Amino acid sequence: MKEPVEIGRHEVSSPEEFFKMPDEYRALASHLMLVHAEGELTGADDYTQIFYKIAPNAYEKLICCERAAEEIQHFELTAKVLSDINIDTHHMLSQHFAERPYYSNELVTGVKNWMERGIFSYLGESVVLEHLLEFKDCSYKPFAKIFEDQIIRDEHVHVAHGFRIIREASLNAESREQAQQALDRLWPHILGLFGHEKSQRSRAYVKWGFRKTLNGELRENFKKKTIPKLTALGLTVPHQEAEVCA
């Protein structure tokens, strides 16, 4: 039986209201927004320092530059919300991604080829999108607002780009096998992006209304939506890894 968790009903509409909230709320909100800010910067690094270098042609290099610019814009939106509660993020701009304490980049830095880039952008950024859809309804409304228009719209485009790469690969046996190899290697790492299903921070986020869904349930929802799409492309999800995280 699943342990029940109370979903927070809070609504904090301004920095002034934020400073009146309990310490736990303010600490969780600050941590969440710092992780997101670093994630957006790291996303820009992914596109310029990793994906750009392995892009097969000028068009794909151009797309990498466009995606990187969007990630920087997302960082700026988040940085403004943090600045309004007296948290400075300017130092992040001079950090190498390996120096950032909040956001892990190990999966992306391990991407070996363009097909793995496609799998990461389709599936890895789908995981990101699942979290962003939670944040757009979060209890700290200045943070929720930045997701309503540009960020979620852009993230759908990022996912669609990865899907296009994999869909095109599925049209012939040789490239479909390359896509399958990429999926086999990255699938467990993709599922790991959801975090531990018993995470206490995840429960606290739900308690205070930053999210509605715990890590494990969010992972299962992702699998239910994603596995049929991969199957339709002629790809097979690794059964062992899928069962481990079930």
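Shown above is the structure to which this text applies.
The model shown is predicted, which means the values in this text are computed figures rather than measured ones. (Residues numbered from 1 in each chain as written. Predicted model: local features only at pLDDT ≥ 70, side-chain atom pairs only at ≥ 80, totals over all residues. Heavy atoms only, no water.)

Okay, the packing of helix α5 (residues 114-135) against helix α10 (residues 215-232) next. For the pair α5 and α10, the least separation of the axes is 11 Å and the interaxial angle reads 140 degrees. Judged on the interaxial angle alone, α10 and α5 are oblique. Regarding α5 and α10, the two cross each other, and that crossing is right-handed. Counting all contacts with α5, which are made through Tyr 122, Leu 123, Ser 126, Val 127, Glu 130, His 131 and Glu 134, the residues of α10 involved are Leu 218, Phe 222, Lys 225, Thr 226, Lys 229 and Leu 230. Of the residues contributing to the contact of α5 with α10, the split by class is six nonpolar, three polar and four charged. (Axes fitted to C-alpha atoms, helices over the stretch in contact; angles between N-to-C directions. Helix = DSSP H or I, 4+ residues; strand = E, 2+ residues; numbered from the N terminus. Parallel < 35°, antiparallel > 145°, perpendicular 65-115°, else oblique. Left-handed = near helix turned anticlockwise from the far one by under 90°. Contact = heavy atoms within 4.5 Å. Nonpolar A, V, L, I, M, F, W, Y, C, P; charged D, E, K, R; others polar.)

Turning our eyes to something else, we now look at the nonpolar core. Residues Tyr 25, Leu 123, Tyr 140, Phe 143 and Phe 210 are the most contacted members of the largest nonpolar core, which totals 66 residues. Looking at this core, the elements with two or more residues in it are α2 (23-54), α3 (58-83), α5, α6 (141-145), α7 (147-169), α8 (173-192), α9 (200-207) and α10. Sorting elements by how many residues they give to this core places α2 first, with twelve residues. Contact partners of Phe 143, with chain neighbours within four places excluded, come to Leu 32, Met 33, His 36, Thr 78, Val 81, Phe 135 and Cys 138. (Core = buried A, V, L, I, M, F, W, Y, C linked by side-chain atoms within 4.5 Å. Buried < 20%, exposed > 50% of the residue type's maximum accessible area, 1.4 Å probe, protein only.)

For the coordinates displayed, the defined rule picks out 15 salt bridges. A salt bridge links Arg 26 to Asp 23; the shortest N-O distance between them is 2.2 Å. Linking Arg 26 with Asp 23, this pair stays in helix α2, spanning three residues, or about one helical turn. Judged by relative accessible area, Arg 26 falls into the partly exposed class, the value being 24%. Arg 164 is the salt-bridge partner of Glu 168, the closest N and O atoms lying 3.6 Å from each other. You can see Glu 168 and its partner Arg 164 sitting in helix α7, four residues apart, about one turn around the helix. (Salt bridge = Lys/Arg side-chain N within 4 Å of Asp/Glu carboxyl O.)

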